[in-house]
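A closer look at the structure
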Amino acid sequence: MNLESLEIILIDFNKNILDQFIKNDLNIQVDQIKSSHFYDNRSENDIEFQQIESLEEVLSPKGTGNILFSQLNLGHTFNDVMIVFSFDEESGDIVMNFPEEELFSGENPETMLKAQTLIEYILNIKNKYAIEKVRIGYEPAMDDDTCLVEIDKETTNMNAIVAKLLA
């Protein structure tokens with residue numbers, strides 16, 4: 001069975017609000033972290049998420065890192081979620097990736113509910129942090145042919161987004 005990954009990309013996320021997003025919206029529980037990897041430019045060492053006080057500082061002036069979660073709540077609790085942070089001086093992309101069966105499994109109403117809670121969560125974050133664009137699709141969601149839905153300023157109808165996602 002060929003399992004694909006779904007990707008959610010928060011595009012051009014402002015680095016100044018990254019720590020607030022991590023603390024307030026991801027609600028990371030340390031016991032849910034399977035593994036993590038960041039490179040600290042200051043100490044020139046590889047470090048883990050648990051050693052980080054400020055992600056903004058670690059990813060400055062530029063940086064990348066990732067965290068693999070056994071579970072993470074993105075409106076709905078998904079298993080095996082990988083988040084990759086990739087930042088330049090001012091902004092960057094946050095890519096959330098999880099197996100497609102985490103969304104597309106179970107009965108139709110269950111899948112619909114998962115999709116709705118996920119999109120609600122994404123729209124809330126998009127508005128809260130003034131994110132210009134969010135792309136959702138199969139990995140790599142940056143490619144137009146694997147992107148299922150792009151949410152920008154004009155895209156506000158949650159039902160239309162869910163319908164595109166589940167089409």
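The text that follows walks through the structure, step by step, so that each part is easy to find. Just so it is clear, the model here is predicted, and its values are computed rather than measured. (Residues numbered from 1 in each chain as written. Predicted model: local features only at pLDDT ≥ 70, side-chain atom pairs only at ≥ 80, totals over all residues. Heavy atoms only, no water.)

1. Digging into the side chain of S36
Mapped onto the elements of the fold, S36 is located in strand β2 (residues 33-40). When its relative accessible area of 10% is taken as the criterion, S36 is described as buried. Here the side chain of S36 touches F49 through a polar contact of 2.8 Å, landing on its backbone nitrogen. When near neighbours in sequence (up to four residues on either side) are disregarded, S36 contacts I47, E48, F49, Q50, N66 and I67. (Helix = DSSP H or I, 4+ residues; strand = E, 2+ residues; numbered from the N terminus. Buried < 20%, exposed > 50% of the residue type's maximum accessible area, 1.4 Å probe, protein only. Polar contact = N/O pair within 3.5 Å; in protein donor to acceptor, adjacent residues only side chain to side chain. Contact = heavy atoms within 4.5 Å.)

2. Here we look at empty space enclosed by the protein
For the coordinates displayed, the defined rule picks out one cavity of 30 Å³ or more. Estimates place the volume of the largest cavity at around 40 Å³. I8, L10, L74, M96, L118, Y121, I122 and I125 together form the lining of the largest cavity. The element contributing the most residues to the lining of the largest cavity is helix α3 (residues 108-128), with four residues. (1 Å grid on protein atoms, 1.4 Å probe; cavity = no way out; pocket = protein on both sides within 12 Å on 5 of 7 lines; lining within 4 Å. Points joined across faces, edges and corners; volume = space filled by probe spheres on them.)

3. A look at the nonpolar core
The tendency in soluble globular proteins is for nonpolar side chains to be buried side by side. Ranked by size, the top nonpolar core spans 49 residues in total, and within it L10, F13, F21, F38, L74, F85 and I94 carry the most contacts. For this core, the element with the most residues is α3, which contributes seven residues. I94 has contacts with I8, I9, L10, F13, L18, F21, I83, V84, F85 and F87, leaving out every residue within four places of it along the chain. (Core = buried A, V, L, I, M, F, W, Y, C linked by side-chain atoms within 4.5 Å.)

4. Topic: the pattern of salt bridges
All told, the structure shown has eight salt bridges when counted by the stated rule. In this structure, the salt-bridge partner of E57 is R42, at a minimum N-O distance of 3.5 Å. Here R42 lies in the loop between β2 and β3 (45-47) and E57 lies in helix α2 (residues 55-58), a separation of 15 residues in the sequence. What makes E57 partly exposed here is its relative accessible area of 45%. On the basis of relative accessibility, which here comes to 60%, the residue R42 falls in the exposed class. What you see here is one network of salt bridges that share partners, running through K133, R135, D144 and E150. (Salt bridge = Lys/Arg side-chain N within 4 Å of Asp/Glu carboxyl O.)

5. Looking at the pairing of strand β4 (residues 63-73)
Remark: a regular strand shows side chains that alternate across the two faces of the sheet. Of the strand pairs in this sheet, β2 and β4 are connected by five bridges, and their pairing is antiparallel. Bridged to I33 within β4 is F69. (Pairing = 2+ DSSP bridges.)

6. Brief notes about the layout of surface pockets
Estimates place the volume of the largest pocket at around 180 Å³. If you trace the largest pocket, you find it lined by D19, I22, K23, I28, V30, F49, Q50, I52, E53, S54 and L55. Considering every element that reaches the lining of the largest pocket, the biggest residue donor is helix α1 (residues 18-26), with three residues.

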